[in-house]
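Tertiary structure, described
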Amino acid sequence: MDTPAAAAPAAVTPVVYGASDRPPRGDYSRGGVVQADYTCPQDWASYTAADHDTYKRLYERQAAQLPGLACDAFINALPLLGVKDRIPRFEEINERLHRATGWEIVAVPGLIPELPFFTLLANRKFPVTDWIRKPEEFNYIVEPDVFHDLFGHVPMLFDPAFADYVQRYGQGGIKAHELGAGEKLARLYWYTVEFGLIRQPDGLRAYGAGILSSVGELQHAVCSNEPHRLPLDLLRTMRTLYKIDTYQANYFVIESFAQLFDLTAPDFTPLYRALEVESDIPAGVLLPGETGKA
Ligand SMILES: [Fe+2]
């Protein structure tokens, strides 16, 4: 990453995390170190003592909530992130992650457009935002920061079946982008990688990063009677709108990560055609016959 990008990324459309009129947060110029694929060196030297302290406090608070709410794969892999009392250096994690599943994490300045995002995933590279929220944003942040991306996402990439699913998602995403179906496919990412639930023998558990990195949504997603929980069905999921500024009104439940991987094996082209004639379903709305009690 020594060579400055020939063409620095300019316009950014954060499709993956929902449409927004706000420009994405983050410095996309950085004196030319951001590459054409939006990756950049982790700017570790720029973290202040307050930044490291924010990470440490977020980690402690969130880790304490996990028992009984997070899935076993996540809890077992969390120690593999390494240090808890400061923001880790990405290369430290990559040594372990690459050995485990062949994945690596790469730093990005913030949200990136869908095609570079899908392309990184297809190459088993997970983009991790390198800036951290300000202390006044401790409880809630709209865009993903390094805590959300590292703590929420990276432990699951140590699970072989889940890691394969995310790569396949990226491969499918490149195709969806060509077919103009990226927005529909993004809903699958939202309801699995970000807000997915899995049924373990001992009960429902969270595997989605948006839940696992949230101070309040773990309880809401796994225990509350308020949200609907539906079995993951590709057509249903990709018809379903989602919330970006409140807890989710519905969650989709899988039985195993192998199920998730197998579900995404077929070519989605017929599914995208079917979606063209199906209406979107607002978040929190049940269809006839659905109980919302999966
Ligand atoms: Fe995320």
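The preceding data block contains the structure.
Since this is a predicted model, take the numbers as computed values, not measurements.

Conventions adopted
Residues numbered from 1 in each chain as written. Predicted model: local features only at pLDDT ≥ 70, side-chain atom pairs only at ≥ 80, totals over all residues. Heavy atoms only, no water. Donors = N, O, S within 2.8 Å, 3.2 Å for Na, K, Ca; no water. Buried < 20%, exposed > 50% of the residue type's maximum accessible area, 1.4 Å probe, protein only. Phe/Tyr/Trp six-rings, centres within 6.5 Å; stacked < 30°, edge-to-face > 60°. Helix = DSSP H or I, 4+ residues; strand = E, 2+ residues; numbered from the N terminus. Salt bridge = Lys/Arg side-chain N within 4 Å of Asp/Glu carboxyl O. Contact = heavy atoms within 4.5 Å. Pairing = 2+ DSSP bridges. Axes fitted to C-alpha atoms, helices over the stretch in contact; angles between N-to-C directions.

**What about the coordination of the iron ion?**
The iron ion binds to the protein through His148 (NE2), His153 (NE2), Glu194 (OE) and Glu194 (OE); the donor distances cover 2.0 to 2.7 Å. Positions of the donor residues of the iron ion, expressed as sequence spacing, correspond to H-x4-H-x40-E. As far as burial versus exposure is concerned, histidine 148 and histidine 153 are alike and both buried.

**A word on the packing of aromatic side chains**
Working definition: an aromatic ring pair is given by the centre-to-centre distance plus the angle between the planes. This model, assessed by the stated rule, comprises 20 aromatic pairs. When the ring of phenylalanine 162 is compared with that of tyrosine 207, the centres are 5.8 Å apart and the planes differ by 75°; the resulting orientation is edge-to-face. Taken as a pair, phenylalanine 162 in helix α6 (residues 160-178) and tyrosine 207 in the loop between β4 (203-206) and α8 (209-212) lie far apart in primary sequence, 45 residues in all. On the accessibility criterion, phenylalanine 162 (3% relative accessible area) is buried. Ring geometry for tyrosine 169 and tyrosine 189: centres 5.2 Å apart, planes at 50°, overall tilted.

**Concerning the pattern of salt bridges**
Throughout the structure, instances matching the rule amount to 16 salt bridges. Across the pair aspartate 130 and arginine 30 runs a salt bridge, and its minimum N-O distance is 2.6 Å. Remark: arginine 30 occurs in the segment before α1 (49-65) and aspartate 130 occurs in the loop between β2 (125-129) and α5 (146-153); sequence separation between them is 100 residues. There is no split in this pair, since aspartate 130 and arginine 30 are both buried. With a shortest N-O distance of 3.4 Å, aspartate 202 and arginine 205 are connected by a salt bridge. Salt bridges sharing common partners tie together Glu183, Lys184, Arg187 and Asp280.

**Focus: the environment of leucine 275**
Residue position: leucine 275 is located in helix α12 (residues 269-276). Sequence separation between leucine 275 and glutamate 95 is 180 residues; the distance between their C-alpha atoms is 41 Å. Residues contacting leucine 275, with those up to four places away along its chain left out, are Lys184, Leu235, Met238 and Arg239.

**Focus on the sheet that holds β4**
The 4 strands are arranged β4-β3-β6-β5 in an open sheet whose pairing can be described as mixed. Of all the strands in the sheet, the pair left with one neighbour each is β4 and β5 (228-231). Going across the sheet, the axis of each strand differs from the next one's by a mean of 40°, ignoring polarity. Both strand β3 (residues 197-200) and β4 contribute to a ladder of 4 bridges, which runs antiparallel. Residue pairing in the sheet places isoleucine 198 in a bridge with arginine 205 of β4.

Don't take any of this as a statement about function, it's just geometry.
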